[in-house]
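A closer look at the structure
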Amino acid sequence: MTLSISERRSQLLDRIAAAAQRCDRDPSSITLLAASKAQSTEKIRQAMTSGQMVFGENYLQEALDKMSEISDTALAWHYIGNVQTNKCKSIAAHFDWVQGVSRIKEAERLSKQRSEKLSPLNLCIEVNIDAVENKGGVLSEELVPLAQAISELPNVRLRGLMAIPEPRDTHEAQRDIFCRVADLLYQLNDRGFECDTLSMGMSHDFEAAIEAGSTMVRIGTALFGERHRHPAA
Ligand SMILES: *Cc1c(COP(=O)(O)O)cnc(C)c1O
């Protein structure tokens, strides 16, 4: 029998809490972000009914369509896709967070386009922790200058880091690479930045991410089931 979204969500929250407790962390310090790309508004509504308030979307037009259909101002929307400079205006107008900034030009545009009437747009810098070629995110040595530049922009607020490491086979190897991302965040805070967000961990590795200090796990398939169409479609 297939489980409902509400049942899957409560199982996920149990697993998040258990992982937190294993490493003496407070489960309430970890946010479950529902990665809802290529999932229907019907499924989003089911998640909302079970208490889910934080959603992440990758494709701008799909996200805007869903937002206008749902129009619930209590929800928080995170843009977790590729930031393209020609989309910054719309992203800055409609989202609460952008996870995955890796160029100053994008951050400048987002800040410029963010209305001063809204609260600052929350940003996470994406870190290319495995230094894979042609992948989004900054290399660790590029992190401090970018964080510095973002912190000088008026309408955005640097909240922390996000990363999507390459898949690894063992729990220990997953945890080790997430720990390297966490170290980068601690280094930023040692330099006086005030970052509170480590967005890392997805359906297949979120428990290892929590053990490494993740404060936000972004979960799609384990919550909603398989995505039904190619996300880019
Ligand atoms: C799709 C997506 C997720 C969720 O992936 P699952 O493996 O389905 O949990 C998380 N983060 C980002 C950036 C994504 O694009």
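Residues numbered from 1 in each chain as written. Predicted model: local features only at pLDDT ≥ 70, side-chain atom pairs only at ≥ 80, totals over all residues. Heavy atoms only, no water.

1. Regarding the site of the ligand
Cut-off, in case you're wondering: Note on definitions. A residue lies near a molecule or strand when any single heavy atom of the residue is within 4 Å of it. For this analysis, a polar contact is any N or O atom pair within 3.5 Å, provided that within protein one partner can donate a hydrogen and the other can accept it, and provided that sequence-adjacent residues contribute only side-chain to side-chain pairs. Only Asp, Glu, Lys and Arg are considered charged in this grouping, and only Ala, Val, Leu, Ile, Met, Phe, Trp, Tyr, Cys and Pro are considered nonpolar; every other residue, Gly among them, is considered polar.
Close to the ligand lie Ala-35, Lys-37, Asn-58, Ile-80, Ile-164, Met-202, Ser-203, Arg-218, Ile-219, Gly-220, Thr-221 and Arg-227. Separating an oxygen atom of the ligand from a side-chain N or O atom of Arg-227 is a distance of 2.9 Å. Tallied by class, the residues present in the shell around the ligand amount to five nonpolar, four polar and three charged.

2. So, the pairing of strand β6 (residues 156–163)
We count it as follows: We call a residue buried when its accessible area falls under 20% of the maximum for its residue type, exposed when it is over 50%, and partly exposed in between, using a 1.4 Å probe and counting protein chains only. Secondary structure counts use DSSP, requiring at least four H or I residues in a row for a helix and at least two E residues in a row for a strand, with both numbered from the N terminus. Note: two strands are recorded as paired if DSSP finds a minimum of 2 bridges between them. With the strands aimed away from the viewer, a crossover counts as right-handed if its path from the first strand over the helix to the second runs clockwise.
Extensive coverage of β6 is indicated by the burial of seven of its eight residues. By the bridge criterion, seven bridges tie strand β5 (residues 121–127) to β6 in an arrangement that is parallel. Across the sheet, Val-127 pairs through a bridge with Ala-163, a residue of β6. This β-α-β element, β5 to helix α6 (residues 143–151) to β6, shows right-handed connectivity. Pairing analysis gives three bridges linking β6 to strand β7 (residues 197–199), with the strands arranged parallel. Bridging from a neighbouring strand, Gly-160 pairs with Thr-197 of β7.

3. Here's the deal with the side chain of Asn-128
Rules: Contacts: residue pairs with any heavy atoms within 4.5 Å of one another.
Of note, Asn-128 is situated in the loop between β5 and α6. A distance of 2.8 Å separates the side chain of Asn-128 from the backbone oxygen of Val-132, its partner in a polar contact. Once residues lying within four places of it in the same chain are set aside, the contact partners of Asn-128 are Lys-135, Gly-136, Gly-137, Val-138 and Leu-139.

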